[in-house]
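These are the residues of each chain, in order.
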Amino acid sequence: MQKRIVILGAGESGTGAALLASNKGYEVFVSDQSPIKDKYKQELLAHHIDFEEGQHSEAKIINASLIIKSPGIPDKAEIIKKCKYAGIEIIDELEFGFRFIKGKVIAITGTNGKTTTTLLTYHLLKEAGVKVALAGNVGFSLARQIAEQDHDWYVIEISSFQLDGTTTFKPAVGVLLNITPDHLDRYEYQLQNYVNSKFRIVRHMSDTDTFIYYADDAILKQEIKSRPFAARVLPISLSDQSTQVHYDGAKMSFGFSEAFKIAQSETTLKGPHNLINTMAAVAAAQLAGLSEEAIRKGLRTFKNAPHRLESVATINGVEFVNDSKATNVDSVVYGLGSYTGPLIWIAGGVDKGNDYSLIEKDVKQKVRTLICLGKENDKLKKAFGNIVSTIKETQSVKELVRIALAEAKKGDVVLLSPACASFDLFKNYEDRGDQFRSAVLELKMEVEGQSK
């Protein structure tokens, strides 16, 4: 009897899983409670994959041999409860893809920095001529990549939600950058549940695999002591020069070779958080067999994803930086730490229970003006009213950039690093960053036009 696979969710991961399952000869049914995007619907139709949208038909789902669910669907969803009651195995698309993989995996997770680290690791391998695929939370789904062709290496950004749906997933190189409270609504508001989820990355790793982690992270330091696992460990540190990969205050040092040292100025990334990301990516690239020469070359040509300390433009000597991805205070710590000041700081949106005391010192030292971009700014104003000399508010991005330029002096940086979610005024953080970028470039053209 042909195995029946039901896929819940028809986004990138669900459609990728459907294509791989169909490719392997399974009977496939895709169900999405929301409307399916046209590009994914056309793919399903082209491959003659049965699907439904706008509902979950229980009768068509409960008869599955295997359920592959979108990481966005929580375990408490009614359809998931019914599938579990029926005894059906439920996994994530990454787990499904891994069951058919032929190459090796570098898997990267952490609360912050995982996208930059994943993109940099992929870039280093790709520029060195390695047959490598980018997958997971960034790029295409792993299942899609495997369905289309084999690669020697897969660099995967993996979230806690995706890790929750793994049962055999085993990277050759696992990277855990940091853990700070996030997504706690999915973890019964228990930080330890979230920590346990992140550490699923090492669960099946063997003594031939390597686990790279940031040794200065307080939670990771404690967890490493108390958790038994088989993988070799490779700690990275900004402070402990006894670790194999560390920062000595001037250069990043890799391995025990005195020769292999890299200054951050030799890379395209700035800020102390990107020292961590770079050390993790370079260490992973070394484990994949890259030479020092290839790594140095790749570091010089890397371009980060948008909305992550993205330098948009300089107007009248004032640099405008888009860090819209900084949707929590921990991310803003990195943003503020990347500049010596003075700053015009743009923050605000939907507060996620932020503890602003974490950035009080940096704000006091560096921020000249705080501009609140959001519908509800009372918490921000209360936190920084006695710290920042000037606080302004707006709900218009076009007005925002003009206020920022008027407040700034030559040499200042205007930093959009919101510390909040974007859903009060925008579709998502990308929309917020895109609107900011467009407004800055429009203002630049206007100012340059006036000066001619």
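This write-up is about the structure you can find in this document. Position numbers for residues count from 1 along each chain, tracking the sequence in the order it is written. In keeping with the predicted nature of the model, local features appear solely for residues at pLDDT of at least 70, side-chain atom pairs appear and are counted solely at 80 or more, and the whole-chain, interface and lining totals rest on all residues. Values reported for side chains reflect all heavy atoms of the structure, with hydrogen atoms and water molecules removed beforehand.

On a plain count of helices and strands, the protein comes out with 17 helices and 20 strands. What you see for the protein is a C-alpha radius of gyration of 23 Å, in line with the 22 Å of a compact globule of 452 residues. Once the C-alpha set of the protein is aligned to its principal axes, its extents read approximately 75 × 55 × 45 Å. Buried means the residue's accessible area, taken with a 1.4 Å probe over protein chains only, is under 20% of the maximum for its type, while exposed means over 50%, and partly exposed covers the values in between. In the protein, which comprises 452 residues, the proportion classed as buried is 56%. Within the structure as shown, the protein displays about 19,800 Å² of accessible surface, and the carbon and sulfur contribution to it stands at 48%. Every helix listed is a DSSP run of H or I at least four residues long, and every strand listed is a run of E at least two residues long, numbered separately from the N terminus. For the radius of gyration, the atoms used are the C-alpha atoms, and the globule rule reads 2.2 Å times the number of residues raised to 0.38. Per-residue accessibility takes into account occlusion by the displayed protein chains alone, with areas from the Shrake-Rupley method and a 1.4 Å probe.

Attention now moves to empty space enclosed by the protein. The method works on a 1 Å grid over the protein atoms by themselves. A cavity is a set of points holding a 1.4 Å probe that cannot get out, a pocket is an open set with protein on both sides within 12 Å along at least five of seven lines, and residues with an atom within 4 Å of a point line them. Grid points are joined across faces, edges and corners, and a volume is the space filled by probe spheres set on the points. Taken as a whole and judged by the stated rule, the model has one cavity of 30 Å³ or more. Estimated volume of the largest cavity: approximately 40 Å³. Lining the largest cavity are N112, G113, N178, H273, I276, N277 and Y334. In terms of residues, the lining of the largest cavity owes the most to one element, helix 11 (residues 272–287), which gives three residues. Tallied by class, the residues present in the lining of the largest cavity amount to two nonpolar, five polar and no charged. Any residue that is not Ala, Val, Leu, Ile, Met, Phe, Trp, Tyr, Cys, Pro, Asp, Glu, Lys or Arg is counted as polar, Gly included; the first ten are nonpolar and the last four charged.

This part is about unusual backbone geometry. The backbone of H307 sits at a positive phi, close to 75 degrees, despite the residue not being glycine. On the secondary structure map, H307 appears in the loop between helix 12 (292–301) and strand 15 (310–315). On the basis of relative accessibility, which here comes to 5%, the residue H307 falls in the buried class. You will see that A419, though not glycine, has its phi angle at about 65 degrees, which is positive. Note on placement: A419 falls in the loop between strand 20 (413–416) and helix 17 (429–451).

What follows concerns the sheet that holds strand 3 (residues 50–53). One bridge is not enough; two strands pair if DSSP finds at least two bridges between them. The strand order 3-2-1-4-5 describes an open sheet built from five strands, whose pairing is parallel. Strands at the two margins of the open sheet, each flanked by one partner only, are strand 3 and strand 5 (89–92). Across the sheet, the mean angle from the axis of one strand to that of its neighbour is 20 degrees, orientation sign disregarded. Relative to strand 3, strand 2 (residues 27–32) runs parallel, the two being bridged by four bridges. Within strand 3, the position partnered with V30 by the bridge is F51. For helices, the fitted line uses only the C-alpha atoms of the stretch in contact; every axis is such a line through C-alpha atoms, and the angle between N-to-C directions lies from 0 to 180 degrees.

Turning to the pattern of salt bridges, a few remarks are in order. For this analysis, a salt bridge means a side-chain nitrogen from Lys or Arg found within 4 Å of a carboxyl oxygen belonging to Asp or Glu. Inspection of every chain in the model, using the stated rule, returns 25 salt bridges. One salt bridge in this structure joins R144 and E43, with 2.7 Å as the shortest N-O distance. Here R144, found in helix 7 (residues 142–148), pairs with E43, found in helix 2 (residues 38–46); they are 101 residues apart in sequence, far enough to count as distant. Since its relative accessible area comes to 6%, R144 is described here as buried.

Bringing helix 11 into the picture now. For a helix, the expected span equals 1.5 Å multiplied by the number of residues minus one. In this model, helix 11 (16 residues) spans 23 Å end to end at C-alpha, consistent with the 22 Å of a helix rising 1.5 Å per residue. Counting buried positions along helix 11 gives 13 out of 16 residues, so the element sits mostly inside the fold. Phi turns positive one or two residues past the end of helix 11, at G289, with a value near 100 degrees.

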